[in-house]
Amino acid sequence: MPANCAVSTHPAASTDTTAWEAELTLSFSQRGHKTALVNCSHRGPLTVQRPFYPEGEVCHVYLLHPPGGVVAGDRLTINANAETAAQALITTPAAGKFYRSSGGEARQTINLSVADDASLEWLPQETIVYDGARLNANMHIDLAEQARFVGWEITALGRPAAGEGFSDGYAELNWRIQRGGRLFYLERQHLDGQAFQARWGLSGHSACGTMFVYPATALHLAAVQALIGEEPNRGVTLIEGLLICRGLDRRADLLKGFFERVWGLVRGDVVGREVCAPRIWAT
């Protein structure tokens with residue numbers, strides 16, 4: 001089990017010397033009674049801390065981006081593969097930050113692959129998109145028929161605590177989910193200043209998020225519907241075994257708290273374990 005990532009010596013492809021191009025590749029495999037991080041390689045400023053095992057067999061990994069924020073021209077790619085019978089949870093120690101751009105675009109691509117009888121939980125902290133930032137974010141999820149997956153993405157537009165809204169720039173959020181090698185779900189969100197303010201968009205709410213759970217049942221749907229009750233700006237649906245939960249809020253931490261409660265309802269059935277929150281969330 002590697003304690004550190006191998007570093008690639010290949011130079012970044014970007015010709016902009018002020019921009020970072022970084023890539024991280026992780027592979028998880030069952031080794032005895034634990035899931036091991038069997039491959040960890042990176043190029044540029046993306047890496048992980050050593051694996052943690054707060055619940056015994058499941059491998060918890062924290063993604064690190066040492067620069068602390070992303071600017072126009074940066075390109076980040078994260079690849080994670082959970083092999084048969086592996087159980088892994090990936091999170092981040094802090095919010096991701098995409099800073100104001102003078103016109104260029106920052107790109108983030110996340111590729112997740114989950115084999116039969118494996119489980120992968122993608123539970124990052126929120127992504128803060130500063131006013132004037134331009135973000136193109138792509139999430140590609142490849143699920144085997146018997147895979148298990150829980151994942152969320154929470155986006156905070158502007159910084160309301162600092163009196164900053166979101167009137168300029170945009171966040172392009174794209175989801176692509178394959179199941180059994182076939183395209184199963186495709187979604188594109190374009191959030192800009194108009195969508196931030198409009199009643200048909202975020203209606204001034206700074207935080208929005210989407211959570212996916214697979215496989216899910218009508219019982220999970222009913223449990224989440226009961227959790228939501230009459231609470232506004234929350235929603236859930238079930239499409240052929242894929243539970244899709246959405247929310248808006250004035251603060252990202254409140255939305256994350258809602259998703260954590262949903263996680264608590266479904267994890268036992270989907271992953272086969274009670275909730276074990278990553279320790280880094282408490283710091």
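Just above, that's the structure.
If you're wondering where the values come from, they're calculated on a predicted model, not measured in any experiment.

> Would you mind showing me how to read the nonpolar core here?
Generally speaking, soluble globular proteins have nonpolar side chains that are buried together. Among the nonpolar cores identified, the biggest contains 54 residues, and Leu26, Phe28, Leu112, Trp122 and Phe149 are the most heavily contacted of them. Residues Ile128, Val213, Cys245 and Trp263 belong to the second largest nonpolar core, which totals 32 residues.

> Could you clarify how one ought to interpret the packing of aromatic side chains in this entry?
Ring pairs (aromatic) are described by centroid distance and by the angle formed between their planes. Under the definition given, this model contains 10 aromatic pairs. The interplanar angle of 85° and the centroid separation of 6.4 Å between the aromatic rings of Trp152 and Trp263 together place this pair among those described as edge-to-face. With a gap of 111 residues between them, Trp152 in strand β13 (residues 148–157) and Trp263 in helix α3 (residues 252–270) connect regions that are remote in the sequence. Every member of this aromatic cluster is reached through a ring pair, and the members are Trp152, Phe258, Phe259, Trp263 and Trp281. The residue whose ring lies beneath Lys34 is Tyr53, and the NZ or CZ to ring-centre distance is 4.6 Å. The ring of Phe258 is capped by Arg234, whose NZ or CZ atom sits 4.7 Å from the centre of that ring.

> I would appreciate a short explanation of the environment of Pro215 in the present structure.
With respect to the helices and strands, Pro215 occurs in the loop between β16 (207–214) and α2 (218–228). Sequence-wise, Pro215 and Ala147 are 68 residues apart; in three dimensions their C-alpha atoms are separated by 7.8 Å. Contacts of Pro215, omitting those with residues within four sequence positions, involve Ala147, Arg148, His220, Gly241 and Val270.

> Mind showing me how you'd approach the side chain of Glu187 here?
With respect to the helices and strands, Glu187 occurs in strand β15 (residues 182–192). Here Tyr185 takes part through its side chain, which lies 2.4 Å from a polar atom of the side chain of Glu187. Contacts of Glu187, omitting those with residues within four sequence positions, involve Leu173, Asn174, Trp175, Thr210 and Arg246.

> How do you make sense of α2 when you look at a structure like this?
An α-helix turns once per 3.6 residues; consequently, residues spaced three or four apart project the same way. Regarding α2, the residues found buried are His220, Leu221, Val224 and Ile228. End-on view of α2: buried residues confined to an arc of 100°, all on one side of the axis. For α2, the exposed residues lying more than 90 degrees away from the buried face are Ala218, Leu219 and Ala226. Structurally, α2 contributes buried residues whose contacts are with β17 (234–239), β18 (242–249) and α3.

> What is the right way to read the packing of α2 against α3 from this model?
Packed helix pairs are characterised by how far apart their axes lie and by the angle those axes make with each other. In contact at an axis separation of 10 Å, α2 and α3 are set at 155° when each is read in the N-to-C sense. Put simply, α2 runs roughly antiparallel to α3. Relative to α3, the crossing made by α2 is right-handed. Seen from α2, the contacting residues are His220, Ala223, Val224, Leu227 and Ile228; seen from α3, they are Phe258, Arg261, Val262, Leu265, Val266 and Asp269.

> Would you mind going over empty space enclosed by the protein with me for this structure?
Empty pockets left among the atoms are what a rolling probe the size of a water molecule brings to light. Going through the model one piece at a time under the given rule, you end up with one cavity of 30 Å³ or more. The space that makes up the largest cavity amounts to roughly 30 Å³. Val70, Val71, Ala72, Phe98, Tyr99, Ser101, Gly104, Ala106, Ala133 and Arg134 together form the lining of the largest cavity. Tallied by class, the residues present in the lining of the largest cavity amount to seven nonpolar, two polar and one charged.

> Help me understand the pattern of salt bridges, please; the structure alone is not making it clear to me.
Opposite charge on two side chains makes pairing possible when the charged atoms of those side chains draw close. For the structure on display, the rule yields 15 salt bridges. Asp131 is the partner of Arg100 in a salt bridge, and the nearest nitrogen-oxygen pair spans 3.9 Å. One end of the pair, Arg100, is in the loop between β8 (96–98) and β9 (106–114); the other, Asp131, is in the loop between β11 (127–129) and β12 (134–143), and 31 residues separate them in sequence. Notably, a salt bridge pairs Arg188 with Glu172, separated by 2.2 Å at the nearest N-O pair. In this pair, Arg188 sits in strand β15 while Glu172 sits in strand β14 (residues 170–179), placing the two residues 16 residues apart along the sequence. Each of the salt bridges in this network shares a partner with another, and the network as a whole consists of Glu55, Glu121 and Arg267.

What counts as what
- Residues numbered from 1 in each chain as written.
- Predicted model: local features only at pLDDT ≥ 70, side-chain atom pairs only at ≥ 80, totals over all residues.
- Heavy atoms only, no water.
- Core = buried A, V, L, I, M, F, W, Y, C linked by side-chain atoms within 4.5 Å.
- Buried < 20%, exposed > 50% of the residue type's maximum accessible area, 1.4 Å probe, protein only.
- Phe/Tyr/Trp six-rings, centres within 6.5 Å; stacked < 30°, edge-to-face > 60°.
- Helix = DSSP H or I, 4+ residues; strand = E, 2+ residues; numbered from the N terminus.
- Lys NZ or Arg CZ within 6 Å of the ring centre and 35° of its normal.
- Contact = heavy atoms within 4.5 Å.
- Polar contact = N/O pair within 3.5 Å; in protein donor to acceptor, adjacent residues only side chain to side chain.
- Arc of directions from axis to C-beta.
- Axes fitted to C-alpha atoms, helices over the stretch in contact; angles between N-to-C directions.
- Parallel < 35°, antiparallel > 145°, perpendicular 65-115°, else oblique.
- Left-handed = near helix turned anticlockwise from the far one by under 90°.
- 1 Å grid on protein atoms, 1.4 Å probe; cavity = no way out; pocket = protein on both sides within 12 Å on 5 of 7 lines; lining within 4 Å.
- Points joined across faces, edges and corners; volume = space filled by probe spheres on them.
- Nonpolar A, V, L, I, M, F, W, Y, C, P; charged D, E, K, R; others polar.
- Salt bridge = Lys/Arg side-chain N within 4 Å of Asp/Glu carboxyl O.

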